[in-house]
Amino acid sequence: MQREGSAVKRLTLPEPRLAGKVTVEGALRERRSVRRFSSQGLTLEEIGQLLWSVQGVTGTGGERTTPSAGGLYPLQIYLAAARVDGLEVGVYRYRADKHDLEPVVEGDVRIRLAAASHGVEWVDAAPVVLAIGGVVQRTAIKYGARARRYVYIEVGCAAENIYLQAQSLGLGAVLVGAFDDQEVSDTMKLREGEEAMALMPVGRPRS
Ligand SMILES: Cc1cc2nc3c(=O)[nH]c(=O)nc-3n(C[C@H](O)[C@H](O)[C@H](O)COP(=O)(O)O)c2cc1C
């Protein structure tokens, strides 16, 4: 990890791969929600690729992989990492503009996340769990009462990007919407104004 500024240690992620062997049509054809994961961990390259697919900056004006109403980008992605080569166990905040990870919480939070998700085992068993947070207020500045609808739509777009990127990498993911918002928010230490909107355990599918 690199030491930057005060005591915060940030980790620059590997650059994303911009071509793969799986076509969009192939990923769409094969994608299924995966709830059983092998005990194998993920690589930092895979983590960088997954995070890029969901919020990576791809445009000169700061545009990202996932579309956003008015280009306001209200989503914030968190990563609960338990088994990733080269990454200490803990919760991290993805900084899209820098393509890096900022440590937020030390240690394995998956049991707490699983408990907050009615005890489902796939939250606990996955090597990583992504959390999609949304800041409705950011979009409300321009879209007022439509903002919450727009942010929910963006969460759907973001989640599908993760599903398809996981499929392309030979990984599996599942979108979990059933959880206690406050518990997830407290566990991942989301910032003020960020609401926990979706969880996505990701790992290698277990047959
Ligand atoms: C908004 C939304 C919420 C979901 N919430 C959960 C959930 O809480 N737990 C779960 O196991 N699957 C959840 N899923 C996954 C669905 O069960 C799954 O997509 C559906 O059964 C179709 O299967 P497939 O994704 O394999 O095509 C959710 C999917 C969506 C789109």
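Residues numbered from 1 in each chain as written. Predicted model: local features only at pLDDT ≥ 70, side-chain atom pairs only at ≥ 80, totals over all residues. Heavy atoms only, no water.

Describing the overall build of the chain
Scanning the chain for helices and strands turns up 7 helices and 8 strands. Relative to the 2.2 N^0.38 estimate, which gives 17 Å for 207 residues, the radius of gyration of the chain is 16 Å and therefore close to what a compact globule would have. Taking the principal axes of the C-alpha coordinates as reference, the chain spans close to 45 × 40 × 35 Å. Every one of the 207 residues in the chain was classed for burial, and the buried ones make up 49%. A separation of at least 24 residues holds for 71% of the contacts in the chain among residues at least 6 apart in sequence. Here the chain displays about 10200 Å² of accessible surface, and carbon together with sulfur accounts for 50% of that area. In the chain, the 26 positive side-chain charges and the 25 negative ones have mean positions that sit 3 Å from each other. (Helix = DSSP H or I, 4+ residues; strand = E, 2+ residues; numbered from the N terminus. Rg over C-alpha atoms; globule rule 2.2 N^0.38 Å. Buried < 20%, exposed > 50% of the residue type's maximum accessible area, 1.4 Å probe, protein only. Contact = heavy atoms within 4.5 Å. Areas by Shrake-Rupley, 256 points an atom, 1.4 Å probe, with all protein chains shown as cover. Lys, Arg positive; Asp, Glu negative; His and termini not counted. Charge placed at Lys NZ, Arg CZ, Asp CG, Glu CD.)

Concerning the pattern of salt bridges
Counted under the stated rule, the structure contains 9 salt bridges. When the shortest N-O distance is used, the salt bridge between Arg-204 and Glu-46 registers 2.7 Å. Of this pair, Arg-204 sits in the segment after β8 (195-203) while Glu-46 sits in helix α2 (residues 44-55), placing them 158 residues apart in sequence. Accessibility assignment for this pair places Arg-204 and Glu-46 in one class, buried. (Salt bridge = Lys/Arg side-chain N within 4 Å of Asp/Glu carboxyl O.)

Describing the site of the ligand
Close contacts around the ligand come from Arg-31, Arg-32, Ser-33, Arg-35, Trp-122, Val-174, Leu-175, Val-176, Gly-177 and Ala-178, and that covers them all. Within the side chain of Arg-35, an N or O atom sits 2.8 Å from an oxygen atom of the ligand. Protein chains bury 52% of the 620 Å² of accessible surface belonging to the ligand in isolation. Here the shell around the ligand is composed, by residue class, of 5 nonpolar, 2 polar and 3 charged. (Near = heavy atom within 4 Å. Polar contact = N/O pair within 3.5 Å; in protein donor to acceptor, adjacent residues only side chain to side chain. Nonpolar A, V, L, I, M, F, W, Y, C, P; charged D, E, K, R; others polar.)

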